[in-house]
Each structure stands twice: as C-alpha cells, then as structure tokens.
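Examining the three-dimensional arrangement
Residue strings, one per chain:
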Amino acid sequence: SRSATTLQIQWKYPFPGDYKIVFYKIIQKSLTDTWNHSAIAEKSPIEIYGLIPYRVYRVTVTAFTNNTRLLQGPPCQLIARTSVKTPGPPTDCRVGKEDVTSLIVGWSPPAFEDHKIVYYKVVFQSKLHYYQSVKKGPGILEQKNLSAATTYNVTVTTFTNNTVLVSGPACRMTARTKEQDVTMASDSSGSSMTKSAVTAIAVLSCLLVILLATVVCLAVCLARNHSCTKINSDQEADG
C-alpha cells in the first residue's frame, strides 16, 4: 500500500538453506534527486515514512544470514511511486445572501495547505438543474439565473497542482432562493399592459386623424371638380 508520504514494502521469505536469516536491509532511493535512506527489518512488511508526494523511488530488499559470519544474499528491487497529496476541504463555507433568482456563497482556503491552489469549483444543484462555476482564489461567488423558491445543494471543491491536478473533499451547504412577490409581479404586468394600451390608443388616434384629413381632402377636391364642371356646362348653354 501507499500514501502521499509513505510506502509499505512486502516480500516473500527466501529459502534460507542451511543458514538462519538474521535481518533484511531495505534501501530506498529517489529517482529524481540524491535522497536515499536505509532501514533494517526482521520480517515483512515494513513501512517507510517521510517520503515526498508523487515521487518515484527504487526500493532494494536484501536478506542477511549468519552462519559463523554475516552473509548477504542477492537483492530484489522494485520501483514505486508515492500517491498525490489531496488538499483539504475549504473552510468557513457560508451562504451570504439569498435572493429570488440568485445565491451568494463564500469560503476560505483549506487549513494547513502547502500546495498551490489552482482554482475552486462551485456547484449549485437542485432536483432539476445543475450549475457549475470555477473561481480562482477564495472569497465570494454569486450564482445568477436560478429558479425561485428552490433548494440548492452547494459544494465547494479545492483543486491543487503539485505536478498533477488533484481535487480534495468538498465542503457542503444548503441554500434556498426566495419566493417571487406575486403582488409586484401583477403590478408590473398591469403597468406594462396599461402602457401598451395607451400606446395602442395613441396610434389609433393618429390613424383616425390621418384618415379624417384624407376624407376631407377628397371631399374638397370632389366639390371643386363639380363646381368647375357646372360652370363649363352653363357657359356652353349660353353660347
């Protein structure tokens, strides 16, 4: 087994022959620097502590026997990598403000975090909707365009990068948007309907005025034409 800072090394006991195995010597070396360490064990397994997260190590196990003098057998070797260290959950997670269509949440960095925090992922999830946002740095985030009178499960997850991107456990909270004010909605809709009605009446009035003006002009023109025709007829009759 392994963790971010430990490796557990196991091996099978070799056939000792005519000799008694006194101890096993375990040597672990880092493949990326000059670090090395050795330990003595009487049996398998052995836990190696104080390692660096996500680091590759070469481990050598050698059996030593003693039959009047100490003898060393051929070693066995293996390559192992420690796990990635996962960040802790954000702290002080809180709901800042609840509105009809928006929610504000806040949080602080994980406690005792020694890795570079890349970003935080914030998720708002209800029975019907799923919203996801990414924010660099702790603080406050406002999620808009939510449904009114709806409960959301909110999670904030830390993502760090120590050669690989990794996420830790999330902090969780529950928030609910407010109900929409029916009176305000009806008043606003009523006022918008009144404005529309006034606009329609004004347009119709303009059209009626234009129509009346057109009718008057036509009537005047027809009257003038009739007068001219009558005068011409009278002149022809006198002639």
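Quick summary incoming for the structure in this document. Just so it is clear, the model here is predicted, and its values are computed rather than measured. (Residues numbered from 1 in each chain as written. Predicted model: local features only at pLDDT ≥ 70, side-chain atom pairs only at ≥ 80, totals over all residues. Heavy atoms only, no water.)

Glancing now at the nonpolar core. Counting 15 residues, the largest nonpolar core has V105, W107, V122, F124 and V156 as its most contacted members. Elements with a minimum of two residues in this core: β9 (103–108), β10 (117–125), β13 (151–161) and β15 (171–176). Those residues in contact with V122, other than ones at most four positions away along the chain, are V105, W107, Y131, Q132, S133, L141, V154, T155 and V156. By size, the runner-up hydrophobic cluster in this structure holds 14 residues, among which are L7, Y24, I26 and V61. (Core = buried A, V, L, I, M, F, W, Y, C linked by side-chain atoms within 4.5 Å. Buried < 20%, exposed > 50% of the residue type's maximum accessible area, 1.4 Å probe, protein only. Helix = DSSP H or I, 4+ residues; strand = E, 2+ residues; numbered from the N terminus. Contact = heavy atoms within 4.5 Å.)

Tracing the backbone through its elements, the reader meets V84 in the loop between β7 (76–81) and β8 (91–98). Spatially, the C-alpha atoms of V84 and I52 are 9.2 Å apart, while their sequence positions differ by 32 residues. For V84, the contacting residues outside a window of four places in its chain are A4, Y54, V164 and V166.

Tallied over the entire structure, the rule returns seven aromatic pairs. A centroid spacing of 5.1 Å and a plane angle of 55° characterise the contact between W11 and Y24, whose relative ring orientation is tilted. Placement of the pair is W11 in the loop between β1 (7–9) and β2 (21–30) and Y24 in strand β2, with a sequence separation of 13 residues. Consider the rings of Y13 and Y24, whose centres lie 6.1 Å apart with planes at 50°: the pair is tilted. Within this pair, whereas Y13 is found in the loop between β1 and β2, its partner Y24 is found in strand β2, the two being separated by eleven residues in sequence. We classify Y24 as buried; its relative accessible area is 3%. Taken together through their ring pairs, the aromatic side chains of W11, Y13 and Y24 make up a single cluster. (Phe/Tyr/Trp six-rings, centres within 6.5 Å; stacked < 30°, edge-to-face > 60°.)

Before going further, it helps to examine the pattern of salt bridges. Scanning all chains against the criterion turns up two salt bridges. Of the charged contacts, one joins R94 and D92 as a salt bridge, the two residues approaching to 3.2 Å between their closest N and O atoms. Owing to a relative accessible area of 33%, R94 belongs among the partly exposed residues under this scheme. (Salt bridge = Lys/Arg side-chain N within 4 Å of Asp/Glu carboxyl O.)

Spatially, β8-β9-β12 is the arrangement adopted by the three strands of the open sheet, whose pairing is antiparallel. Strands at the two margins of the open sheet, each flanked by one partner only, are β8 and β12 (139–143). This sheet shows a mean twist of 20° between the axes of neighbouring strands, independent of strand direction. With five bridges connecting them, β8 and β9 associate as antiparallel partners. The residue of β9 that forms the bridge with V95 is V105. (Pairing = 2+ DSSP bridges. Axes fitted to C-alpha atoms, helices over the stretch in contact; angles between N-to-C directions.)

As a further point, take the side chain of S133. Mapped onto the fold, S133 is located in strand β11 (residues 130–135). Judged by its relative accessible area of 18%, S133 falls in the buried class. Side chain to side chain, S133 and Q143 meet in a polar contact 3.0 Å long. Ignoring sequence-local partners within four residues, the contact set of S133 consists of Y120, K121, V122, L141 and Q143. (Polar contact = N/O pair within 3.5 Å; in protein donor to acceptor, adjacent residues only side chain to side chain.)

A separate point is the pairing of strand β3 (residues 36–41). Pairing geometry for β2 and β3, over six bridges, is antiparallel. By the bridge assignment, Q28 is partnered in β3 with H37.

With that settled, the discussion passes to unusual backbone geometry. In the segment running from S44 into P45, the intervening peptide bond is cis, with an omega of 0°. Among the secondary structure elements, P45 is positioned in the loop between β3 and β4 (46–48). Backbone geometry places D92, a non-glycine residue, at a positive phi of 55°. With respect to the element layout, D92 can be found in strand β8. The phi dihedral of A149 is positive, around 50°, even though this residue is not glycine. Tracing the backbone through its elements, the reader meets A149 in the loop between β12 and β13.

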